[in-house]
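What follows is the residue order along each chain.
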Amino acid sequence: MMSRPSTVTALVSALALTACTSLSAAAQSASTPEIDDAQALADLRALSANFMDGRQTGTRGAGIARGYLRDRFTEAGLVPVFENYDHVFEYTARGASETSEGQNLVGMIEGREEGGPVLVITAHYDHLGNCDGEVCNGADDNASGVAAMVAIAQALQSAPPRHDVYFAALDAEEVGLRGARALVADFPIPLERVALNINLDMLAINADNELPAAGAFHFPFLRARIDAAGAVAPTHLIQGYDSPEWGEHGDWTYSSDHAAFHDEGIPWIYYGVDFHEHYHQPTDEYEVVQQDFFVSNIHTVMNAVQLFDAELEDVAADLQEMRANAPEPLGETEEGSMRKPGME
């Protein structure tokens, strides 16, 4: 296992000290667990720094990112669900004759109530590495989602959830959702207990401050709950991007790691912005992140986590009713073009 070198520790500490802390007061909410906004920005900046070299699966940069995230999982008080946080898997890339190795990181927060349904929060930490000779640091895609996930995990330590919540930093998303599919195939508890996946992928850049929440087209009982959770200003929450009516590249059912849960008939909500000029480009850097928007998105998702945690038994019951009445098994959606451009 690659541990974080001491030079990386020094660099990360320096980044944390220089992260911006002047944030909109509108992104604060007394009704939610306390999010450390400055730390979330520091995590985003560190994960998208040049020394992580674009975090491509199987590279030294990805190993440095894992070392950083292991430390943050520990600081957030997450309990390892395997022998440690690491979940190692093998996959064969399209057109390849040999297998490659990926590594997810998985931890959990135990709920106040034992047993019952669980919530799984995911965000992929891998990115593209180098793009035509330039490093692609992937600040929005997806250092932002991972930083948000860790911030939520840390906040829940001060306000423990009712149900068990699993947190997974997933690898090899950019090469076909490999880490998510490996985790679902080897989940540490029966999948029947997973009532909802909340997937975070790109939370930091949108000129109109719009944050789509996809998933309710497939699982309609999510729609009113997503609306009830609401949004924290300046975020403008919109539901959609989960059905053919959104046109080519507009149906994101298979665009990120939630697809692995979808294929098992498990409800999901995908929080992530629309395409922008920095998507899969070397310009996706910390400097172009909209800091207030990113922070308000974390608080928006935190509100949703709290609402769904409170109503998880009802969500599980709605799912059982939907499965009983479905004409065919859930999760049988044809993939078609339901993926973002650039995905394998």
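Description of the structure in this document. Note that the structure is predicted; figures quoted are calculated from it, not measured.

## A closer look at unusual backbone geometry
Right, on to step 1. Cis rather than trans, the peptide bond between Asp141 and Asn142 has omega equal to 0°.
Right, on to step 2. Within the secondary structure, Asn142 is located in helix α4 (residues 139-156).
Right, on to step 3. The step from Ala233 to Pro234 runs through a cis peptide bond, and the omega angle for that step is 10°.
Right, on to step 4. Within the secondary structure, Pro234 is located in the loop between α6 (223-229) and β10 (236-239).
Right, on to step 5. Of note, Asp53 is a non-glycine position whose phi angle comes to about 50°, a positive value.
Right, on to step 6. In this structure, Asp53 sits in the loop between α2 (37-47) and α3 (60-75).
Right, on to step 7. Assessed through its relative accessible area of 35%, Asp53 is described here as partly exposed.

## Comments concerning the packing of α2 against α3
Right, on to step 1. Between α2 and α3, whose axes approach to 10 Å, the crossing angle comes to 160°. In terms of orientation, α2 and α3 fall into the roughly antiparallel class. In this structure, α2 crosses over α3, and the sense of that crossing is right-handed. Here Gln39, Ala42, Asp43, Ala46 and Leu47 of α2 lie close against α3, whose contacting residues are Ala65, Tyr68, Leu69 and Arg72.

## Comments concerning the pattern of salt bridges
Right, on to step 1. Following the criterion strictly, the structure yields eight salt bridges and no others.
Right, on to step 2. For the salt bridge of Arg72 with Asp43, the shortest nitrogen-to-oxygen distance reads 3.0 Å. Of this pair, Arg72 sits in helix α3 while Asp43 sits in helix α2, and the two are 29 residues apart along the sequence.
Right, on to step 3. Residue classification places Arg72 among the buried residues on the basis of a relative accessible area of 4%.

## Side note on the pairing of strand β8 (residues 194-200)
Right, on to step 1. Within β8, seven of the seven residues are buried, which leaves the element mostly enclosed by the surrounding structure.
Right, on to step 2. With five bridges connecting them, strand β4 (residues 118-124) and β8 associate as parallel partners. Within the sheet, the bridge partner assigned to Thr122 lies in β8 and is Asn199.
Right, on to step 3. Note: β8 against strand β11 (residues 268-271), four bridges, orientation parallel.

What counts, and where the lines are drawn
- Residues numbered from 1 in each chain as written.
- Predicted model: local features only at pLDDT ≥ 70, side-chain atom pairs only at ≥ 80, totals over all residues.
- Heavy atoms only, no water.
- Helix = DSSP H or I, 4+ residues; strand = E, 2+ residues; numbered from the N terminus.
- Buried < 20%, exposed > 50% of the residue type's maximum accessible area, 1.4 Å probe, protein only.
- Axes fitted to C-alpha atoms, helices over the stretch in contact; angles between N-to-C directions.
- Parallel < 35°, antiparallel > 145°, perpendicular 65-115°, else oblique.
- Left-handed = near helix turned anticlockwise from the far one by under 90°.
- Contact = heavy atoms within 4.5 Å.
- Salt bridge = Lys/Arg side-chain N within 4 Å of Asp/Glu carboxyl O.
- Pairing = 2+ DSSP bridges.

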